[in-house]
Amino acid sequence: MIYVQGLKRNDVKYFRRHPRLWRLFALISLIIVSMSAGNALAAVDTERLEMKYEIEPVRALQVQADSGTILRFGPLVPNADMTEQILSVSIATNELDAGYRIYQELPYVTSSQGNAFPKTEVLMWAEDGKEGGVSQIKSPVPAISKKKILIFVSSKKGGPDSFRIHYRVPNQSIYDAGRYLGNVRIILDAK
Amino acid sequence: MNRHLKTLLFCFFVIGINAGNSYAVFRLNVESLEGEDAIDFGRLKAMEDGGTPIPVTESKRVRLNVTTDLNQPYIVSQMVDREPVNTRGVPTPLSAFRVFATLNRGSGTNRMPNRIPLSTGETQIYLSDSAGEEAEMILQYDIEVPPFQRAGNYRTSITYRIVTV
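1. Points about the overall build of chain B
So, point 1. Assigned secondary structure in chain B consists of one helix and 10 strands.
So, point 2. Across chain B, helices and strands are ordered from the amino to the carboxyl terminus as α-β-β-β-β-β-β-β-β-β-β.
So, point 3. Each of the 165 residues in chain B was classed as buried or not, and the buried ones make up 25%.
So, point 4. Partitioning the contacts of chain B with sequence separation of at least 6, the portion at a separation of at least 24 is 72%.

2. Remarks on the overall build of chain A
So, point 1. Summing up its helical and strand segments, chain A has two helices and 12 strands in all.
So, point 2. Of the regular secondary structure in chain A, the N- to C-terminal order runs α-α-β-β-β-β-β-β-β-β-β-β-β-β.
So, point 3. Residues counted as buried form 19% of the 191 residues belonging to chain A.
So, point 4. Sequence-distant contacts, at least 24 apart, represent 73% of the contacts inside chain A between residues at least 6 apart.

3. Some points on the interface of chain B and chain A
So, point 1. Between chain B and chain A, the contact holds 46 residues from the first and 30 residues from the second.
So, point 2. For the side of chain B that touches chain A, the secondary structure elements donating two or more residues are α1 (3–22), β1 (26–32), β2 (38–44) and β10 (152–164) of chain B.
So, point 3. It is β10(B) that contributes the most residues to the side of chain B that touches chain A, 13 residues altogether.

4. Describing the sheet that holds strand β9 (residues 145–153) of chain A
Residues and elements named next belong to chain A.
So, point 1. Taken in spatial order, the four strands of this open sheet run β7-β9-β4-β12, and their pairing is antiparallel. Edge strands, defined here as strands with exactly one partner in the open sheet, are β7 (134–135) and β12 (185–190).
So, point 2. As paired elements, strand β4 (residues 100–106) and β12 share six bridges and run antiparallel to each other. When the bridges of β12 are listed, Tyr103 appears paired with Ile187.

5. Brief notes about the nonpolar core
The nonpolar side chains of soluble globular proteins are, as a tendency, buried together.
So, point 1. Of all hydrophobic cores here, the largest spans 53 residues; its most connected members are Val122(A), Ile165(A), Leu64(B), Ile125(B), Met137(B) and Leu139(B).
So, point 2. If we skip the residues at most four places from it in the chain, Met137(B) touches Leu64(B), Ala101(B), Thr102(B), Leu103(B), Asn104(B), Ile125(B) and Tyr126(B).

6. Things to note about the environment of Thr109(B)
Residue and element names in this part refer to chain B.
So, point 1. When you line up the elements, Thr109 lands in strand β6 (residues 109–110).
So, point 2. Thr109 sits in the partly exposed class, given 13 other C-beta atoms within 10 Å.
So, point 3. Spatially, the C-alpha atoms of Thr109 and Ile75 are 9.7 Å apart, while their sequence positions differ by 34 residues.
So, point 4. Non-local contacts of Thr109, meaning those with residues more than four positions away in its chain, are made with Tyr126 and Leu127.

7. Overview of the sheet that holds strand β1 (residues 44–55) of chain A
So, point 1. Read from one edge to the other, the open sheet built from six strands follows the order β2(B)-β1(A)-β10(B)-β4(B)-β8(B)-β6(B), with strand pairing classed as mixed. Bordering the open sheet on either side are β2 and β6 of chain B, each of which pairs with just one other strand.
So, point 2. Relative to strand β8 (residues 121–127) of chain B, β6(B) runs antiparallel, the two being bridged by two bridges. Bridge pairing in β8(B) links Asn110(B) to Tyr126(B).

8. Describing the environment of Ile144(A)
Residues and elements named next belong to chain A.
So, point 1. Mapping Ile144 onto the fold places it in the loop between β8 (141–142) and β9.
So, point 2. Along the backbone, Ile144 and Asp176 are 32 residues apart, and their C-alpha atoms lie at a distance of 17 Å.
So, point 3. Non-local contacts of Ile144, meaning those with residues more than four positions away in its chain, are made with Leu106, Tyr108, Val109, Lys119 and Val122.

9. Section: the pairing of strand β6 (residues 123–126) of chain A
All names here are of chain A.
So, point 1. Here β6 shows one buried face, formed by Met124 and Ala126, and one open face, formed by Leu123 and Trp125.
So, point 2. The pairing of β6 with β8 spans two bridges and is classified as antiparallel. Note that in β8 the partner of Leu123 across the bridge is Pro142.
So, point 3. Of the strand pairs in this sheet, β6 and strand β10 (residues 161–169) are connected by four bridges, and their pairing is antiparallel. Looking at the pairing, Ala126 lines up with Ile165 of β10.

10. Focus: the pairing of strand β3 (residues 57–68) of chain B
Residue and element names in this part refer to chain B.
So, point 1. Summarising the sheet, β1 and β3 pair through seven bridges and their orientation is antiparallel. Across the sheet, the residue bridging to Phe26 is Thr68, located in β3.
So, point 2. Sheet analysis places β3 next to strand β9 (residues 135–144), joined by 10 bridges and oriented antiparallel. Residue pairing across strands places Glu58 opposite Ile143, the latter belonging to β9.

11. A word on the environment of Thr93(A)
Residues and elements named next belong to chain A.
So, point 1. Take Thr93: it is sitting in strand β3 (residues 83–93).
So, point 2. Residues Thr93 and Gly159 lie 66 residues apart in sequence; the distance between their C-alpha atoms is 5.7 Å.
So, point 3. Each residue touching Thr93, except ones within four places of it in the same chain, is listed here: Val58, Arg59, Ala60, Gly158, Gly159 and Pro160.

12. Some words on the confidence of the model for chain B
So, point 1. Confidence along chain B averages 90 in pLDDT terms, with 87% of residues attaining 70 or more.
So, point 2. Scoring the predicted complex yields pTM 0.74 and, for the interface, ipTM 0.85.

13. What about unusual backbone geometry?
Residue and element names in this part refer to chain B.
So, point 1. If you check the backbone angles, Asn71 has positive phi at about 60° while not being a glycine.
So, point 2. For Asn71, a count of 11 C-beta atoms within 10 Å translates into the label exposed.
So, point 3. The backbone of Phe148 sits at a positive phi, close to 65°, despite the residue not being glycine.
So, point 4. The residue Phe148 is located in the loop between β9 and β10 in this model.

Conventions and cut-offs
- Residues numbered from 1 in each chain as written.
- Chains lettered and ligands numbered in written order.
- Predicted model: local features only at pLDDT ≥ 70, side-chain atom pairs only at ≥ 80, totals over all residues.
- Helix = DSSP H or I, 4+ residues; strand = E, 2+ residues; numbered from the N terminus.
- Buried ≥ 20, exposed ≤ 12 C-beta atoms within 10 Å, placed from the backbone.
- Contact = placed C-beta atoms within 7 Å.
- Pairing = 2+ DSSP bridges.
- Core = buried A, V, L, I, M, F, W, Y, C linked by C-beta atoms within 7 Å.
- pLDDT = per-residue confidence, 0-100.

Here you go:
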């Protein structure tokens, strides 16, 4: 038995006796419900916009000696106390998964008179990086070499790091007197 | 009258009534003021070539235009899908972005008059007056690149929505 809300039992019986009237009632109800449903739904519209930008990759090497940009040893006296200088190296980079290597070049150290400083008399070693890079010279090796010396390898992921290079002059030889100069180059290369 | 013909006429009648409603206009148009099809901040630096961080800021503007004849109040809102991420999934925090709205047209309420950090989820931009008048507003998006932000191409998307209340 179906009862229409608002209609009494007798009303339903009346409609049953008059099927045409019942159909008319049903049609009118359908129209009203249909129109109401359309109005009741909230109207909506959407639009979508993409936001994008590119961050430039940068990889920079910064080198700082204790006394600025010069590694200054001396005055040196043979067989006197060993002197040590430190280079602080930092790598600033925002590249991802881009490992790198750091080399040193110091082909010669000579005096103004042209005398070469003994190659074995300048030693170097490097510390591990603070962010996972690994020193490749953990024990002292001669720093003066015509070849590039690999001193540091970054972690696989690369990223910023910093470490220190120690330079020592053991003062074990007799040097010709004079003012000795050499250029240390620290080189950053991609792996 | 034929019974089938009656049914057909009735169907046309109902469809006609509802079709009248469906022709009502309620439309949102969104466009970048820089004439691009996106909010494109372009190529940005997170640090100088020497490795020193530099504060880089960039702004882009978007115009929102609401066309309606419904005479019903409505809300304009935005939804940021997620933090912008680069192709390797590294995000830029949403705190690096600010947004505010200025009203060009419309007598409703600007719900975003001051710079606020961008956030995910729905944020109301504008609430129309009770008559649901048409409106136009400009949204300005600012980015301040975080120092040492990882390199790459970053993307996200923003969905703008108008809905009657």
